[in-house]
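These are the residues of each chain, in order.
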Amino acid sequence: MVDRRKAEDLDARIAAARAAHAPAPAEESKYHKANMAWQMVIELVAGMVLGLGIGWSLDWLFGTVPLFLAIFGILGFVAGVRTMMRTAQRVQERAAAKAAEDKAPSGDA
């Protein structure tokens, strides 16, 4: 019985110490949405530049007309859009989770 009380006391002290050192919840800065928009634009542009670079390199290597440039440019665009859509989905999931968290009643009463 004494050991159980000591263990519970220790658990309570550990929980209090963790709560005291827990980082504050991150709040959304006023530039968060702009940063997300720029991230998505950069993902699209990076995909296109990478695709165009690979296509141009292959055309130069094989001495062909801009066949690979067109193919890889389109593939780079598709890859950039897919990456951008994944980022948008993550943002939407975070917003939904935050809304659900805000809507849920607090059990601390």
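Above this text you will find the structure in question.
The structure reproduced in this document is the subject of the present report.

What counts, and at which threshold
Residues numbered from 1 in each chain as written. Predicted model: local features only at pLDDT ≥ 70, side-chain atom pairs only at ≥ 80, totals over all residues. Heavy atoms only, no water. Helix = DSSP H or I, 4+ residues; strand = E, 2+ residues; numbered from the N terminus. Buried < 20%, exposed > 50% of the residue type's maximum accessible area, 1.4 Å probe, protein only. Contact = heavy atoms within 4.5 Å. Areas by Shrake-Rupley, 256 points an atom, 1.4 Å probe, with all protein chains shown as cover. Phe/Tyr/Trp six-rings, centres within 6.5 Å; stacked < 30°, edge-to-face > 60°. Axes fitted to C-alpha atoms, helices over the stretch in contact; angles between N-to-C directions. Parallel < 35°, antiparallel > 145°, perpendicular 65-115°, else oblique. Left-handed = near helix turned anticlockwise from the far one by under 90°. Nonpolar A, V, L, I, M, F, W, Y, C, P; charged D, E, K, R; others polar. Expected span 1.5 Å × (residues − 1).

Let's talk about the overall build of the protein
Here comes step 1: Counting secondary structure elements, the protein contains three helices and zero strands.
Here comes step 2: Each helix (α) and strand (β) of the protein, taken in turn from the N terminus, gives the series α-α-α.
Here comes step 3: Counting the 109 residues in the protein, one finds 12% classified as buried.
Here comes step 4: For the protein, contacts bridging at least 24 residues in sequence account for 53% of all contacts bridging at least 6.
Here comes step 5: Total accessible area on the protein is roughly 9,300 Å²; 66% of this is exposed by carbon and sulfur atoms.

So, the packing of aromatic side chains
Here comes step 1: Within this structure, the stated rule accounts for two aromatic pairs.
Here comes step 2: The interplanar angle of 45 degrees and the centroid separation of 6.5 Å between the aromatic rings of F68 and F72 together place this pair among those described as tilted. Of the two residues, F68 and F72 are both situated in helix α3 (residues 67–103); the distance of four residues between them amounts to about one turn of the helix.
Here comes step 3: In this structure F72 comes out as partly exposed when scored by relative accessible area, which is 24%.
Here comes step 4: Each member of the aromatic cluster is reached from another via a ring pair, and the members are F62, F68 and F72.

What to know about the packing of helix α2 (residues 32–62) against α3
Here comes step 1: One can describe the packing of α2 onto α3 by two numbers: an axis separation of 7 Å at closest approach and a directional angle of 160 degrees. Relative to α3, α2 is oriented roughly antiparallel. In the crossing of α2 with α3, the sense of the turn from one axis to the other is right-handed.
Here comes step 2: Classifying every residue of the contact of α2 with α3 by side-chain character gives 18 nonpolar, nine polar and three charged.

Some remarks on α2
Here comes step 1: In this model, α2 (31 residues) spans 45 Å end to end at C-alpha, consistent with the 45 Å of a helix rising 1.5 Å per residue.
Here comes step 2: When α2 is considered as a whole, its buried residues turn out to be M36, M40, E43, L44, G47, G51, G55 and D59.
Here comes step 3: Positive phi shows up at G63, right after α2, with a value of about 70 degrees.

A word on the environment of W56
Here comes step 1: With respect to the element layout, W56 can be found in helix α2.
Here comes step 2: By relative accessible area, W56 is classed as exposed at 55%.
Here comes step 3: Each C-alpha atom of the pair W56 and F68 lies 6.7 Å from the other, and the pair is twelve residues apart in sequence.

Some details on α3
Each turn of an α-helix holds 3.6 residues, which means side chains three or four residues apart point in the same direction.
Here comes step 1: The first and last C-alpha atoms of α3 sit 54 Å apart over 37 residues, in line with the 54 Å expected at 1.5 Å per residue.
Here comes step 2: All of the buried residues along α3 are G73, G76, G80, M84 and T87.
Here comes step 3: Those residues of α3 hidden inside the fold are in contact with α2.

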